[in-house]
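# Examination of the molecular architecture
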Amino acid sequence: MDAVYYTFAPSPVGDLLLAGTHGELRLISFPKGHKKIDPHPEWVRDAAPFLEVQRQLNSYFAGTLRDFDLPLAPRGSPFQMQVWKELRRIPYGATISYGELARRIGNPAASRAVGLANGSNPIPVIIPCHRVIGSNGKLTGFGGGLDVKRALLDLEQGGRLF
């Protein structure tokens, strides 16, 4: 089993916890919100494996990067993996509903299950779960908080963070 490394990356939305192996990103956790994760005691603190992740996140937050190119290793059920794969196909600056996401994975009756899978996304921002909104156009849950979700969507639609 590969060692898991972690670091904290400063960002406009607070210090993000990054975790993974030397070759793959497994986790991003926001400093606030209901999905905040703390490092596990057996993880090794080392920023070196995350230099490219940090560079790309900084470019994204500066509004100069639209597509991430990083080796990712999210862990989840086959259904979750299918949802997360489809999330990566949502274009920068676009939003879709949970129902539309369910249709895109070929299971139009699964919008609630899609919502749960979306909420379990271990690599937010890079796997852009923030681009999924309610069918009525309203923002719904986000692990980093709705203020961060709104800020990310504003950034992608030509604005600035906060």
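The sections below set out a description of the structure shown in this document. (Residues numbered from 1 in each chain as written. Predicted model: local features only at pLDDT ≥ 70, side-chain atom pairs only at ≥ 80, totals over all residues. Heavy atoms only, no water.)

For the rest of this paragraph, the subject is the overall build of the protein chain. Tallying secondary structure elements over the protein chain gives five helices and six strands in all. Written out in order from the N terminus, the α and β elements of the protein chain read β-β-β-β-α-α-β-α-α-β-α. Seen through its C-alpha atoms, the protein chain measures out along the principal axes to roughly 40 × 35 × 25 Å. Within the span of the protein chain, comprising 162 residues, buried residues form 48% of the whole. The long-range share in the protein chain, meaning contacts at least 24 apart out of those at least 6 apart in sequence, stands at 56%. Element-wise, carbon and sulfur atoms account for 51% of the exposed surface of the protein chain, whose accessible area totals about 8300 Å². Both charge centroids of the protein chain, one from 19 positive and one from 14 negative side chains, sit 7 Å from each other. (Helix = DSSP H or I, 4+ residues; strand = E, 2+ residues; numbered from the N terminus. Buried < 20%, exposed > 50% of the residue type's maximum accessible area, 1.4 Å probe, protein only. Contact = heavy atoms within 4.5 Å. Areas by Shrake-Rupley, 256 points an atom, 1.4 Å probe, with all protein chains shown as cover. Lys, Arg positive; Asp, Glu negative; His and termini not counted. Charge placed at Lys NZ, Arg CZ, Asp CG, Glu CD.)

Glancing now at the pattern of salt bridges. Considering all chains together, one arrives at seven salt bridges under this definition. Taking the shortest distance from any N to any O, the salt bridge between glutamate 100 and arginine 104 comes out at 3.0 Å. Here arginine 104 and glutamate 100 lie together in helix α3 (residues 98-104), a separation of four residues that amounts to about one turn. Look at arginine 104 and you get partly exposed, because its relative accessible area is 36%. The closest approach of N and O atoms between arginine 150 and aspartate 154, which form a salt bridge, is 2.8 Å. Of this pair, arginine 150 and aspartate 154 both sit in helix α5 (residues 146-156), four residues apart, which is roughly one turn of the helix. With a relative accessible area of 34%, arginine 150 lands in the partly exposed category. (Salt bridge = Lys/Arg side-chain N within 4 Å of Asp/Glu carboxyl O.)

Right, let's get into the layout of surface pockets. Roughly 300 Å³ of volume is contained in the largest pocket. The wall of the largest pocket is formed by 21 residues, among which Lys35, Gly119, Ser120, Asn121 and Gly143 lie closest to the centre. Elements supplying a minimum of two residues to the lining of the largest pocket: β3 (25-29) and α4 (111-119). Residue composition of the lining of the largest pocket, by class: nine nonpolar, 10 polar and two charged. (1 Å grid on protein atoms, 1.4 Å probe; cavity = no way out; pocket = protein on both sides within 12 Å on 5 of 7 lines; lining within 4 Å. Points joined across faces, edges and corners; volume = space filled by probe spheres on them. Nonpolar A, V, L, I, M, F, W, Y, C, P; charged D, E, K, R; others polar.)

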